[in-house]
Amino acid sequence: MSQPSRTANETAKPKKLLLRALAGETLSVPPVWLMRQAGRYLPEYRETRQKAGGFLQLCFTPDLATEVTLQPIRRYGFDAAILFSDILVIPHALGQKVWFQEGEGPKLEALADSADLRRLSLEALHDRLEPVYETVDRLSTALPQETTLIGFAGAPWTVASYMIEGGSSKDFQKAKTWAYGDPEGFQRLIDLLIEATSRYLCRQVEAGAETLQVFDSWASVWPETAFRRWCLDPMAAIVRRVKAQHPAVPVILFPRGAGPLYPAVAAEAGADGLSLDTTVPLSWAAKELQSCVTVQGNLDPILLVAGGEALEAAANDIVTRLSGGPFVFNLGHGIVPQTPPEHVAKLLDIIRSRPS
Ligand SMILES: Cc1c2[nH]c(c1CCC(=O)O)Cc1[nH]c(c(CCC(=O)O)c1C)Cc1[nH]c(c(CCC(=O)O)c1C)Cc1[nH]c(c(C)c1CCC(=O)O)C2
């Protein structure tokens, strides 16, 4: 499928490896970055986080957020840096109370039903997110020339699930019950998130983000019809809105766990890249997805904990089977805190020193 953004990128001849791969180029050595590449597995992150006090303070202090974004770039020379922030800054900016409890993950003052939508407003959105834009701005000058700056946001469904569940959830029962029982009310929440997220991503681009990733981490929990309504359509709406303002900016979508619905996302959402979770079979992805989008992924993050021969074999297999088309090396989900930092160095070595 030819898309206007792809054409624009080709004309602009982007030099950075990640942008070349997202423009559809097949490269001999793939660009590499890792989800959650800044985080608790790095001692320097733990030290900076200590200084910040709370996690949200870290996200909202440009000095410190810039520093932790740069830490994995200094250590490993990844091809891209992902802005250090969190998907839950959006509920916060809409006026919902959000906090992070050490060792327990995020907590939110849960929305009970559509009457609670009155608690949310777009009015202070950009004011509250200003420190994030400031961080993006600083990063755009602080990064090495060859490093691509990735902005990001959560997809509406995943963010809505935290807003309704009040934190992480095993079965998403409250959020799904709301969506099935009051689809119009739930649609209003999703529409508000589409609006807020599109504005947020556009501002990240205006501050210097060169590509964007949208995380739908909990896309796996819906039957097909609901997946289309609550995951695919909202992500497609965001892609359309961002590209209406910034046609040349490539967008990567991560509908984690979409399984056989991945091709529908590839064909219908208008994205340039698709991030594959660990369970997506490689030859199937090469055949069904790589002909219409750049694929990214999908090493099991636990292999980065295990290391050794298992890591080497799996990383080589991924590169071998996805290097015949446009491809970005990544994990199938984020790095876990137990990851030994030296295993990340080893992974980069495996990917970059393969005989060509
Ligand atoms: C679902 C989700 C969240 N946040 C995010 C997602 C989508 C990706 C995914 O599925 O992992 C996205 C995210 N969160 C963070 C980033 C930073 C950029 C990067 O990838 O390096 C990104 C891209 C920092 C973070 N976000 C969080 C941390 C750890 C907090 C800490 O330092 O105490 C980091 C580094 C906290 C967070 N934030 C969230 C949870 C569930 C948690 C707790 C789990 C955990 O502790 O790992 C919500």
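Here we summarise the structure given alongside this text. (Residues numbered from 1 in each chain as written. Predicted model: local features only at pLDDT ≥ 70, side-chain atom pairs only at ≥ 80, totals over all residues. Heavy atoms only, no water.)

## Thoughts on the nonpolar core
When a protein is soluble and globular, its nonpolar side chains tend to lie buried together. Counting 132 residues, the largest nonpolar core has L129, L189, L253, L299 and F329 as its most contacted members. In terms of residue count, helix α10 (residues 183–207) provides more of this core than any other element does, twelve residues in total. Discounting residues that sit within four places of it in the chain, L299 has contacts with T278, L304, L311, A314, A315, I318, F329, N330, L331, G332 and L347. (Core = buried A, V, L, I, M, F, W, Y, C linked by side-chain atoms within 4.5 Å. Buried < 20%, exposed > 50% of the residue type's maximum accessible area, 1.4 Å probe, protein only. Helix = DSSP H or I, 4+ residues; strand = E, 2+ residues; numbered from the N terminus. Contact = heavy atoms within 4.5 Å.)

## Some remarks on the state of the cysteines
Here the structure, examined in full by the defined rule, presents zero disulfides. As a non-bridged cysteine, C231 has C292 as the owner of its nearest cysteine sulfur, 19 Å distant. With relative accessibility at 16%, the residue C292 sits in the buried group. (Disulfide = S-S within 2.5 Å.)

## A few points about the pairing of strand β6 (residues 251–255)
Among the five residues of β6, five are classified as buried, and the element is accordingly described as predominantly covered. The side-chain alternation of β6 yields two buried faces, one formed by V251, L253 and P255 and the other by I252 and F254. For strand β5 (residues 211–216) and β6, the ladder comprises five bridges, and the chain directions are parallel. Bridge pairing links V214 to L253 in β6. With respect to chirality, the unit in which β5 leads through helix α11 (residues 224–245) into the neighbouring parallel β6 is right-handed. (Pairing = 2+ DSSP bridges. Right-handed = clockwise from strand over helix to strand, strands pointing away.)

## A few points about unusual backbone geometry
With an omega dihedral of -25°, the bond running from G297 to N298 counts as a cis peptide bond. Tracing the chain through its elements places N298 in strand β8 (residues 294–299). The phi torsion at R36 lies on the positive side, around 60°, for a residue other than glycine. Classification of R36 as exposed rests on a relative accessible area of 53%. Look at F172: it is not a glycine, yet its phi comes out positive at around 60°. Along the chain, the position of F172 falls in the loop between α8 (156–165) and α9 (173–181). Given the relative accessible area of 4%, F172 is considered buried.

## A short note on helix α7 (residues 125–142)
Each α-helix turn comprises 3.6 residues. Residues three or four places apart therefore point the same way. For α7, built from 18 residues, the straight-helix expectation of 26 Å at 1.5 Å per residue is met to within 8% by its first-to-last C-alpha distance of 26 Å. The principal kink in α7, of about 45°, is found at P131. For α7, the full list of buried residues reads L125, L129, P131, V132, Y133, T135, V136 and L139. Packed against the buried residues of α7 are α4 (55–59), α5 (62–76), α6 (89–93), β4 (148–154) and α10. (Expected span 1.5 Å × (residues − 1). Bend = angle between axes of the 7 residues up to and from the residue.)

## As for the side chain of R49
For R49, the location among the structural elements is in helix α3 (residues 43–52). The class for R49 is buried, based on a relative accessible area of 15%. Filtering out sequence-adjacent residues up to four positions away, R49 remains in contact with G54, F55, L58 and E102.

## Quick word on the environment of P144
Relative to the helices and strands, P144 is located in the loop between α7 and β4. By relative accessible area, which is 33% here, P144 ends up partly exposed. In the structure, P144 is positioned 71 residues away from I73 in sequence and 8.7 Å away in space, judged by C-alpha atoms.

## What to know about the layout of surface pockets
Size it by volume and the largest pocket reaches roughly 1200 Å³. As for the largest pocket, its lining consists of 40 residues, and the residues nearest its centre are R36, R40, F55, D86 and F100. Within the lining of the largest pocket, the residues separate by chemical class into 23 nonpolar, eleven polar and six charged. (1 Å grid on protein atoms, 1.4 Å probe; cavity = no way out; pocket = protein on both sides within 12 Å on 5 of 7 lines; lining within 4 Å. Points joined across faces, edges and corners; volume = space filled by probe spheres on them. Nonpolar A, V, L, I, M, F, W, Y, C, P; charged D, E, K, R; others polar.)

## Remarks on the site of the ligand
Around the ligand, the surrounding shell holds 23 residues, and the nearest of these are R36, R40, Y45, S217 and H333. A distance of 3.3 Å separates an oxygen atom of the ligand from a polar atom in the backbone of Q37. R49 places a side-chain nitrogen or oxygen 2.7 Å from an oxygen atom of the ligand. Judged by its atoms lying within 2 Å of the grid points, the ligand is housed in the largest pocket. Elements represented by at least two residues in the shell around the ligand include exactly α3 and β3 (105–108). (Near = heavy atom within 4 Å. Polar contact = N/O pair within 3.5 Å; in protein donor to acceptor, adjacent residues only side chain to side chain. Sits in = over half its atoms within 2 Å of the grid points.)

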